[in-house]
Amino acid sequence: MRSEDPMSFFKGMVFGAMAGAVAGILLAPKSGKETREDIKRLAEDVEEKVVDVYADARKIVMRKVRDMRKAGELIDEEKYRSLVKKVVNEFRRDSMVSEKVAEDLGEQLKGDWVMVKKQLLK
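Summary of the structure given here. (Residues numbered from 1 in each chain as written. Predicted model: local features only at pLDDT ≥ 70, side-chain atom pairs only at ≥ 80, totals over all residues. Heavy atoms only, no water.)

### As for the packing of aromatic side chains
Okay, step 1: Counted according to the given criterion, the structure contains one aromatic pair.
Okay, step 2: Their ring planes at 40° and their centres at 5.3 Å tell us that Tyr80 and Trp113 sit as a pair that is tilted. Here the residue Tyr80 occupies a position in helix α3 (residues 77-93), and Trp113 occupies one in helix α5 (residues 113-120), the gap between them amounting to 33 residues. (Phe/Tyr/Trp six-rings, centres within 6.5 Å; stacked < 30°, edge-to-face > 60°. Helix = DSSP H or I, 4+ residues; strand = E, 2+ residues; numbered from the N terminus.)

Dropping the structure here:
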């Protein structure tokens, strides 16, 4: 799932959510103009939500990393991945994201390890 483009996660989530929603909107009995307006609003809402979910999850992960570091724990990639898994499971359990979105979110956050490692070395 992880690619060199950090926005690939968002693009995939937006595309998936949009595809399902657009199908629903297109099947609704509305005029073409109303349908186009609905699709535009939906695209804006979905993109905003995806960015917010990732930002919220990342903040939680980073806060937990800082807490572990303050407690004197050594944070390696394995420990970081375990922490990401716990946070993603919390999001999934609280129904904040679907199973697929949780999986993608976890992959994106796990892929952030290189950046997190650099921050830990500062």
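There's more to say after this.
### Let's talk about the pattern of salt bridges
One side chain can pair with another of opposite charge once the charged atoms of both are near each other.
Okay, step 1: Under the definition given, this model contains five salt bridges.
Okay, step 2: Notably, a salt bridge pairs Asp112 with Arg58, separated by 3.6 Å at the nearest N-O pair. Of the two residues, Asp112 sits in the loop between α4 (99-111) and α5 while Arg58 sits in helix α2 (residues 32-70), which places them 54 residues apart along the sequence. Across the pair, Arg58 and Asp112 agree in class, each one buried.
Okay, step 3: Its salt-bridge partner being Glu99, residue Arg92 comes within 3.3 Å of it at the nearest N-O pair.
Okay, step 4: Residue classification places Arg92 among the partly exposed residues on the basis of a relative accessible area of 27%. (Salt bridge = Lys/Arg side-chain N within 4 Å of Asp/Glu carboxyl O. Buried < 20%, exposed > 50% of the residue type's maximum accessible area, 1.4 Å probe, protein only.)

### Side note on the environment of Asp112
Okay, step 1: Look at Asp112 and you get buried, because its relative accessible area is 6%.
Okay, step 2: Put simply, Asp112 and Arg81 are 31 residues apart on the chain and 9.9 Å apart in space, counted from C-alpha to C-alpha.
Okay, step 3: At 2.5 Å, the side chain of Asp112 forms a polar contact with the side chain of Tyr54. (Polar contact = N/O pair within 3.5 Å; in protein donor to acceptor, adjacent residues only side chain to side chain.)

### A few points about the nonpolar core
Okay, step 1: Residues Val61, Val65, Ile75, Tyr80, Phe91, Leu105 and Leu109 are the most contacted members of the largest nonpolar core, which totals 23 residues.
Okay, step 2: Secondary-structure elements contributing two or more residues to this core are α2, α3, α4 and α5.
Okay, step 3: With eight residues, α2 is the single largest residue contributor to this core.
Okay, step 4: Beyond its immediate chain neighbours, meaning those up to four positions away, Val65 contacts Ile75, Tyr80, Leu83 and Leu120. (Core = buried A, V, L, I, M, F, W, Y, C linked by side-chain atoms within 4.5 Å. Contact = heavy atoms within 4.5 Å.)

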